[in-house]
Amino acid sequence: MSFQSMMAAVAGCLASCIALAGPASAETYPARPVTMIVPYAAGGATDVVARAVAEKLTGAWGQAVVVDNRAGAGTTIAARTVAQAPGDGYLLYMTTSAHTISGHLYPGLTFDALKDFAPITLITKVPLVLVVSPQVPASNMAEFLAWLAKEGDKVNYASPGIGTAQHLSGELFKIATKSGITHVPYKGDAPALTDLMGGQVQMMLATATAVIPLIESGKVKAIAVAHNRRLGALPQVPTFAEAGVKDFEAATWFGLLAPAKIKPELVEKIYADVSKIVAEPDMRRRIEQLGGDVVNSTPAEFATFMREESGKWAAAVKASGASLK
């Protein structure tokens, strides 16, 4: 073999090796384990959904999809990690409505909740339910609004913390009903609901996940669901529109994101595979048991939804005057 032929062969080998070591394509992805970051501790609803999706993706891809819980700072610790990661598809982010709230609450964030992330799919919405203490003398929206008008600013509403969807939805309810309710933040759903049951606070816009068992046992009273249709798990509870309060919808949601640098073909590949999983009957049942409404949106639909959510929560944060550091 001549020197020129040998060099040509070496060059060809190097080119092949570089191609193999380069970024994943839709045809070869995934070639190694994938990490799915969750911005909350293990055991919560977000973690449950993430692990269910990860388990099925592991089977579909033949590569482990590992859930990594990185809680703290209102999801901003996890989000920062994802925003700074390479867009090779090996780091995904199962996040919630808090993602489109945090940028309006925390000054000086080093990432943009919209620009630095690529939407893959909105998996589910978990609508909020307006629930009241058993001591409140109202069983429907008309009675509750009449009671609110009479009690004025003596009525307190609970939330699992400042800046949560439950808190800011309370502010939107305050605006929509022109009421003088006062926010009482707690450190999580459990203590908030304990005080609601005991009558220390009078109302809460809570996730369906958290309150379905309490409604069924009569420990709290459900007034309305902040959704465009009734929930299968609570068919007896009317929507806000049915109860006479128009254009009021509020939910927490779970969606899958990736770093903005990811290639569009990888987004489509991941979306297609996750979409099939979410459409499976057993997966739908798991989500509905959490009080969720399966969405399974396209990347483009999720992008539009996130922009709308960001605008809605920006207005709620401004109305509430809330700020976190």
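Residues numbered from 1 in each chain as written. Predicted model: local features only at pLDDT ≥ 70, side-chain atom pairs only at ≥ 80, totals over all residues. Heavy atoms only, no water.

1. Notes on the overall build of the chain
Summing up its helical and strand segments, the chain has eleven helices and ten strands in all. Taking the principal axes of its C-alpha atoms as reference, the chain extends roughly 95 × 45 × 30 Å. Expressed as a percentage of its 325 residues, the buried residues of the chain come to 48%. Taking the contacts inside the chain whose residues are at least 6 apart along the sequence as the reference set, 78% of them involve residues at least 24 apart. (Helix = DSSP H or I, 4+ residues; strand = E, 2+ residues; numbered from the N terminus. Buried < 20%, exposed > 50% of the residue type's maximum accessible area, 1.4 Å probe, protein only. Contact = heavy atoms within 4.5 Å.)

2. Thoughts on the packing of aromatic side chains
A complete count under the given rule lists eleven aromatic pairs for this structure. Following the ring pairs from residue to residue traces out a cluster consisting of Phe144, Trp147, Phe173, Phe240 and Phe248. Across from the ring centre of Tyr90, 3.7 Å away, lies the NZ or CZ of Arg32, which sits over that ring. Seen from the ring of Trp313, Lys312 lies directly overhead, with NZ or CZ sitting 4.6 Å from the centre. (Phe/Tyr/Trp six-rings, centres within 6.5 Å; stacked < 30°, edge-to-face > 60°. Lys NZ or Arg CZ within 6 Å of the ring centre and 35° of its normal.)

3. Describing the pattern of salt bridges
According to the stated counting rule, one finds ten salt bridges in the structure shown. Between Lys154 and Glu151 there is a salt bridge whose closest N-O contact spans 3.6 Å. For Glu151, a relative accessible area of 22% translates into the label partly exposed. Between Arg229 and Asp293 there is a salt bridge, with the nearest N and O atoms lying 2.7 Å from each other. (Salt bridge = Lys/Arg side-chain N within 4 Å of Asp/Glu carboxyl O.)

4. Examining the side chain of Thr121
By the secondary structure assignment, Thr121 is in strand β4 (residues 117–132). A polar atom in the side chain of Thr121 sits 2.7 Å from the backbone oxygen of Ser297. With residues up to four places along the chain from it excluded, the contact list for Thr121 reads Gly255, Leu256, Tyr271, Val274, Asn296, Ser297 and Phe302. (Polar contact = N/O pair within 3.5 Å; in protein donor to acceptor, adjacent residues only side chain to side chain.)

5. Considering the nonpolar core
In this structure, Met36, Val53, Met94, Val129, Val131 and Ile270 are the most contacted members of the largest nonpolar core, which totals 56 residues. Ranked by size, the runner-up nonpolar core spans 22 residues in total, among them Ala138, Met141, Phe144 and Phe173. (Core = buried A, V, L, I, M, F, W, Y, C linked by side-chain atoms within 4.5 Å.)

6. Topic: the confidence of the model for the chain
Of all residues in the chain, 92% have pLDDT values of 70 or greater, and the mean over the chain is 90. In the model, residues 6–21 has pLDDT below 50 throughout and makes one contact with residues more than four positions away in sequence or in other chains. (pLDDT = per-residue confidence, 0-100.)

7. A short note on the pairing of strand β7 (residues 203–207)
Buried residues dominate β7, accounting for five of its five residues. With five bridges connecting them, β4 and β7 associate as antiparallel partners. In the sheet register, Val132 faces β7, and the bridge partner there is Met203. As paired strands, strand β5 (residues 156–159) and β7 are joined by two bridges and run parallel to one another. If you follow Tyr157 over to β7, its bridge partner there is Met203. (Pairing = 2+ DSSP bridges.)

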